[in-house]
Amino acid sequence: MKVIENYKNFKDSKKSIVTIGTFDGVHIGHQKIIEELVATAKKENCNSVLLTFFPHPRMVLQKENSIKLINTIDERIEMLQNTGLDYLIIHPFDTEFSRLSAFDFVRNILVNHLNTFQLVVGYDHRFGRNREGDFEQLQEYGYIYNFSVQEIPAQDINEISVSSTKIRKALAEGEIRKVTKYLGHAFSVSGTVVKGERLGNTIGYPTANLEIKESYKLIPKKGAYLVRAKINDIYVDGMMNIGVRPTVDGVNQTIETHFFDFNEDLYKNKIQIELIEFLREEQKFESVDALKKQLTEDKIKSLKLLKK
């Protein structure tokens, strides 16, 4: 898969089968669309092209800029690498681009630059200025510019309507099993291991403290989680705490992971951690000893879950 920044840099003269969207989460609905896209492209001897946008349109158009995304852009690229796509085009989304009419979007981008032979979209796809374009309009433009439009109906994507909004809500509520089901893969957080206050070392539970630079990355609800990470090509299980560490009067939110049977120094390493199960809510303990006792109980529960 070739990654191209800005649709204007796409130079392949071969016909394209194209899909468009933010694809946040690359969930099972997205995967269905991409599978259809790749299969059709192979059948028609065309390029399979996914056109996405960054920043997310709502990050640009909504003044409060409050949206949090399931994936960082780097995570999204990594997840799309193994889908069989020929091209991933990431176009910068800004206010000027948002003013592009549905007609100009089709003519300037789909026809003149991407050489679209067929467009594959989800059942609820809208595009262009103020989301004015819909499936019917796409069909009309397709007739004018000689490309076909295929819509993936909701029932073909899943029995229930999977959306990135539903996944964000489940993450906010700590419903990790539901998130995994919706995504079709584990939700993960990626970042660099930084120095912490090393309290974990003093109580027998050393932790890797994860720093996530992307402020728009959605962090699940505070609490303890069973997790897994691939470190040096080996999967390592552990338990993660997301929160402010109220037992020691913490203020800033941290993401700390204690890995089982693992003693390597991960400082300055970039790691990706997958969430498997929500263990418990964040709570303030009477003492550090009480915290240590709870961590022992968390580990016992984690190991039992892993055996299942």
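Residues numbered from 1 in each chain as written. Predicted model: local features only at pLDDT ≥ 70, side-chain atom pairs only at ≥ 80, totals over all residues. Heavy atoms only, no water.

### Looking at the overall build of the protein chain
Argument step 1. When helices and strands are counted, the protein chain shows eleven helices and twelve strands.
Argument step 2. Along the longest, intermediate and shortest principal axes, the C-alpha atoms of the protein chain span 70 × 40 × 35 Å.
Argument step 3. With 308 residues in all, the protein chain has 47% of them scored as buried.
Argument step 4. For the protein chain, contacts bridging at least 24 residues in sequence account for 73% of all contacts bridging at least 6.
Argument step 5. Split by element, the accessible area of the protein chain, about 16,100 Å² in all, is 46% carbon and sulfur. (Helix = DSSP H or I, 4+ residues; strand = E, 2+ residues; numbered from the N terminus. Buried < 20%, exposed > 50% of the residue type's maximum accessible area, 1.4 Å probe, protein only. Contact = heavy atoms within 4.5 Å. Areas by Shrake-Rupley, 256 points an atom, 1.4 Å probe, with all protein chains shown as cover.)

### Overview of helix 5 (residues 102-111)
Argument step 1. Within helix 5, burial applies to Ala102, Phe105, Val106, Ile109 and Leu110. Along the axis of helix 5, the buried positions cluster into a sector of 110 degrees, meaning they face one direction only.
Argument step 2. Those residues of helix 5 hidden inside the fold are in contact with strand 2 (16-20), strand 3 (47-54), helix 4 (95-98), strand 5 (116-122) and helix 6 (135-145). (Arc of directions from axis to C-beta.)

### Here we look at unusual backbone geometry
Argument step 1. Here the residue pair Phe54 and Pro55 is connected by a cis peptide bond, since its omega of 0 degrees sits within 30 degrees of zero.
Argument step 2. Mapped onto the elements, Pro55 comes out in the loop between strand 3 and helix 2 (57-61).
Argument step 3. You will see that Phe23, though not glycine, has its phi angle at about 55 degrees, which is positive.
Argument step 4. Mapped onto the elements, Phe23 comes out in the loop between strand 2 and helix 1 (28-44).
Argument step 5. Positioned with a positive phi, Val26 is a non-glycine residue whose angle comes to about 45 degrees.
Argument step 6. Relative to the assigned elements, Val26 resides in the loop between strand 2 and helix 1.

### Digging into the sheet that holds strand 5
Argument step 1. Strand order across the open sheet formed by six strands is 1-4-3-2-5-6, with parallel pairing between neighbours. Sheet topology places strand 1 (2-5) and strand 6 (148-152) at the edges, where each strand pairs with a single neighbour. When strand polarity is set aside, the average angle formed by the axes of neighbouring strands in this sheet is 25 degrees.
Argument step 2. Bridge count for strand 2 against strand 3 is five bridges, and the pairing is parallel. (Pairing = 2+ DSSP bridges. Axes fitted to C-alpha atoms, helices over the stretch in contact; angles between N-to-C directions.)

### Points about the pairing of strand 2
Argument step 1. Extensive coverage of strand 2 is indicated by the burial of five of its five residues.
Argument step 2. Of the crossover connections in this fold, the one passing from strand 2 over helix 1 to the parallel strand 3 is right-handed.
Argument step 3. Examined bridge by bridge, strand 2 and strand 5 share three bridges and lie parallel to one another. Among the inter-strand pairings, Ile17 is bridged to a residue of strand 5, identified as Gln118. (Right-handed = clockwise from strand over helix to strand, strands pointing away.)

### Here we look at the nonpolar core
Soluble globular proteins tend to pack their nonpolar side chains together in the buried interior.
Argument step 1. Counting residues in hydrophobic clusters, the biggest one holds 32 residues, and the most contacted among them are Met240, Phe259 and Ile273.
Argument step 2. Those residues within four positions of Phe259 in sequence are excluded, and the remaining contacts are Ala208, Ala229, Ile231, Val236, Asp237, Gly238, Leu266, Ile271 and Ile273.
Argument step 3. In this structure, Phe10, Phe93, Phe97 and Leu138 belong to the second largest nonpolar core, which totals 26 residues. (Core = buried A, V, L, I, M, F, W, Y, C linked by side-chain atoms within 4.5 Å.)

### Quick look at the sheet that holds strand 11 (residues 254-259)
Argument step 1. The six strands are arranged 7-8-11-10-9-12 in a closed barrel whose pairing can be described as antiparallel. Within the sheet, the average angular offset between the axes of one strand and its neighbour, ignoring direction, is 45 degrees.
Argument step 2. Pairing geometry for strand 9 (residues 223-231) and strand 10 (residues 234-243), over nine bridges, is antiparallel. If you follow Val227 over to strand 10, its bridge partner there is Gly238.
Argument step 3. Against the sheet, helix 9 (residues 176-183) contacts strand 9 and strand 12 (270-281), and its axis sits at roughly 130 degrees relative to strand 12.

Read these as geometric descriptors, not functional statements.
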